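Listed below, chain by chain, are the residues.
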Amino acid sequence: MKNRVTELFNIEYPIIMGGMAWAGTAKLAAAVSNAGGLGMIGSGAMRAEQLRDAIAQINKLTDKPYGVNIMLASPYVEELLNVVIEEKVPVVSFGAGNPSKYIPMLKEHKIKVIVVVASDSLAKLVERAGADAVVAEGMESGGHIGEVTTIVLVNKVARSVKIPVIAAGGIADGRGMAAAFALGAEAVQMGTRFLATVESEVHENYKRKILNASIRDTVVTGAKLGHPARVLKTPFARQVVELEVRSPEEAELILVGSLRKAVVDGDIDSGSFMVGQAVGLIDDIPTVKELIEKIMREFFETVQKLCREVNT
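Residues numbered from 1 in each chain as written. Predicted model: local features only at pLDDT ≥ 70, side-chain atom pairs only at ≥ 80, totals over all residues. Heavy atoms only, no water.

Enquirer: Looking at this structure, how should I read the pairing of strand 4 (residues 91-95)?
Expert: Side-chain direction in a regular strand flips from residue to residue, so the side chains alternate between the two faces of the sheet. Of all five residues making up strand 4, five are buried, and the element is well covered by its neighbours. Pairing of strand 3 (residues 66-71) with strand 4 involves five bridges; the strand directions are parallel. Bridge pairing in strand 4 links Asn-69 to Ser-93. At this point the chain moves from strand 3, through helix 4 (residues 77-86), to the parallel strand 4, and the crossover so formed is right-handed. Examined bridge by bridge, strand 4 and strand 5 (residues 112-117) share four bridges and lie parallel to one another. From the neighbouring strand, Val-91 faces strand 5, where its bridge partner is Lys-112. Handedness of the β-α-β unit built from strand 4, helix 5 (residues 103-108) and strand 5 comes out right-handed. (Buried < 20%, exposed > 50% of the residue type's maximum accessible area, 1.4 Å probe, protein only. Helix = DSSP H or I, 4+ residues; strand = E, 2+ residues; numbered from the N terminus. Pairing = 2+ DSSP bridges. Right-handed = clockwise from strand over helix to strand, strands pointing away.)

Dropping the structure here:
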């Protein structure tokens, strides 16, 4: 399949892996890239040398294009940017803010730039700053979220910018991908769906929770603290929501390190299991290659079915 996104990033399929902190490892990112998508290392709270190690690892696992996601909330943004420039990373994606001041520096080094946006205004702003593409990520997504649904956000952003739009939030299969393309997207980004794969290195407890969850089994924590995040409903998540009202300081305290506890330790009692509402669409753990091939097959079948129905 060829379109502006596949040509921009030199990939086979317009499927991007979300840049997930702790979960977006070099192994998983390499598997996505090797299967024809664009794998993304989630730098999260990494320091420079940790990211350099991850880049060295992915370079051993794939010769395909890949990217590094940088969270603008990280205190180490500038040192991480120095690493991606020094290591000649092909693609950088930004989340949790406006990276306009950093984009020219990356473009000078011929690095492609993707920005995750939760509004059409930010999409237009980063387009003017030189971004190559934007990810319009709706509130159905896992982890840190905005306030607008995917179907409305993608539709609006695709009308507002000329650069390619990548849809994210609530997408886990080919039908969701077809819906996103109908709204004007030229690719999809998925996070939760890639967590439940063979190559994903999240704890087995995390994977089991994904398989057992329904579309109603997520909750937003941190909304009253100014950093809303969608996670699986657990006693810990309910405790956080309650503390946000009674004791915001205590809520902030118990959230520290909670994602790592979920991803690495599988800690059911004090871990934040970040997932999107698409978790309820997931019922198996395939290899990344099997997953991407299935999504593309279902995407084309869905489009063809719609065409037949329109023509009858």
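Having put the structure on the table, let's press on.
Enquirer: How do you make sense of the nonpolar core when you look at a structure like this?
Expert: With 87 residues, the main nonpolar core has Ile-15, Val-84, Phe-194 and Tyr-206 as its most contacted residues. In contact with Val-84, other than residues within four places in its own chain, are Leu-51, Val-68, Ile-70, Val-89, Val-92, Leu-106 and Ile-111. (Core = buried A, V, L, I, M, F, W, Y, C linked by side-chain atoms within 4.5 Å. Contact = heavy atoms within 4.5 Å.)

Enquirer: Teacher, can you tell me more about the sheet that holds strand 2 (residues 39-42) here?
Expert: Either a parallel or an antiparallel arrangement is found when strands of a sheet pair, and the pairing is made through backbone hydrogen bonds. Taken together, the eight strands give an open sheet; going across it, the order is 1-9-8-6-5-4-3-2, and neighbouring strands pair in parallel fashion. Of all the strands in the sheet, just strand 1 (15-17) and strand 2 have a single pairing partner and so form its edges. Each neighbouring strand pair of the sheet contributes to a mean axis angle of 25 degrees, computed without reference to strand direction. With respect to the sheet, helix 4 is in contact with strand 3 and strand 4, its orientation differing from that of strand 3 by roughly 170 degrees. (Axes fitted to C-alpha atoms, helices over the stretch in contact; angles between N-to-C directions.)

Enquirer: For this particular structure, what's the right way to read the pattern of salt bridges?
Expert: Pairs can form between side chains of opposite charge once their charged atoms are near each other. Across all of its chains, the model carries 11 salt bridges by this definition. For Lys-207, the salt bridge is made with Glu-204, and the minimal N-O distance between the two is 3.9 Å. In this pair, Lys-207 and Glu-204 both sit in helix 10 (residues 204-212), three residues apart, roughly one turn of the helix. Accessibility expressed as a relative area gives 4% for Lys-207, which makes it buried. In the salt-bridge network here, residues are joined through shared partners; they are Glu-49, Arg-52, Glu-86 and Glu-87. (Salt bridge = Lys/Arg side-chain N within 4 Å of Asp/Glu carboxyl O.)

Enquirer: Can you walk me through the environment of Ile-295 in this structure?
Expert: With respect to the helices and strands, the residue Ile-295 is situated in helix 14 (residues 288-311). Taking the relative accessible area as the measure of exposure, Ile-295 reaches 2% and is therefore buried. Sequence separation between Ile-295 and Gly-176 is 119 residues, and the spatial gap between their C-alpha atoms is 9.2 Å. Excluding anything up to four places from it in sequence, Ile-295 contacts Ile-15, Ala-172, Asp-173, Gly-174, Met-177 and Met-190.

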